Amino acid sequence: SAPPAPQPPPPPPEWAFPLLAGLTVTASLAYVGYKFFENKMPEVQKKLKEKSWRQESTGRLNEIMNELRSMQTADVQARNLGDEGCSYVVEALAFNDVCTAVDLSSNGIGSMGLLALIESLKHNDVLNSINLNQNAGGDEGATAIAEFLATNYTIGSINLSSNGIGDEGAKALAEMLKKNSTL
């Protein structure tokens, strides 16, 4: 007698098809997500580094600001502050009623940083010496400082050398010196 013919497997239960379809879709989405993030990983890592750098920078600026609130002379030279960092520093100086001199040289401070400095100086009648040597104020920054100093008699010394000041800024500063004899 011949062995019985193999029986076909029983049909899968009704719930198996949706489950298999769901697993297939999930696996496909996982693969697509993996490929997407694989390509984005350098960008994500860069953003995480930038966030870490910003947190570190903010921490350092907070330390500087706390120190500046009580210093008699503030040496903040060559700290790569730029306009944004300068804004933090001069905000601290606005609340310092003992600081008579500040050195902000070699910080890459442009006209926006100088405008922030001018705003803080409107609330400070103690600071009398400012070193802004080797920054990037240009004509716009020099003109703004000239307009401020034309009526400010507290500042007795300001160094604006190596700031990229052209004819327009130099002319504004020269006109200011005709009105302000304390410099």
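Everything below is about the structure shown above.
These figures come from a predicted structure and were not determined experimentally.

Take the packing of helix α4 (residues 138-149) against helix α5 (residues 167-179) next. It is at 8 Å that the axes of α4 and α5 come closest, and there the two elements cross at 10°. The angle between the axes of α4 and α5 places the two elements in the roughly parallel class. On α5, the residues touching Asp139, Ala142, Thr143, Ala146 and Leu149 of α4 are Asp167, Glu168, Gly169, Ala172, Leu173 and Met176.

As a further point, take the pattern of salt bridges. Going through the model one piece at a time under the given rule, you end up with 2 salt bridges. Among the ionic pairs, lysine 122 bridges to glutamate 119, the shortest N-O distance being 2.8 Å. Under the relative-accessibility criterion, glutamate 119 is labelled partly exposed at 41%. Of the charged contacts, one joins lysine 178 and glutamate 175 as a salt bridge, the two residues approaching to 3.1 Å between their closest N and O atoms. Taken together, the positions of lysine 178 and glutamate 175, both in helix α5 and 3 residues apart, correspond to about one turn of that helix.

With that settled, the discussion passes to the environment of asparagine 131. Summarising the element assignment, asparagine 131 is placed in strand β3 (residues 129-131). Residue asparagine 131 is classed as partly exposed on the basis of its relative accessible area of 21%. Between the C-alpha atom of asparagine 131 and that of isoleucine 158, which follows or precedes it by 27 residues, the distance is 5.7 Å. Here asparagine 159 takes part through its side chain, which lies 3.5 Å from a polar atom of the side chain of asparagine 131.

Rules of the game
- Residues numbered from 1 in each chain as written.
- Predicted model: local features only at pLDDT ≥ 70, side-chain atom pairs only at ≥ 80, totals over all residues.
- Heavy atoms only, no water.
- Axes fitted to C-alpha atoms, helices over the stretch in contact; angles between N-to-C directions.
- Helix = DSSP H or I, 4+ residues; strand = E, 2+ residues; numbered from the N terminus.
- Parallel < 35°, antiparallel > 145°, perpendicular 65-115°, else oblique.
- Contact = heavy atoms within 4.5 Å.
- Salt bridge = Lys/Arg side-chain N within 4 Å of Asp/Glu carboxyl O.
- Buried < 20%, exposed > 50% of the residue type's maximum accessible area, 1.4 Å probe, protein only.
- Polar contact = N/O pair within 3.5 Å; in protein donor to acceptor, adjacent residues only side chain to side chain.

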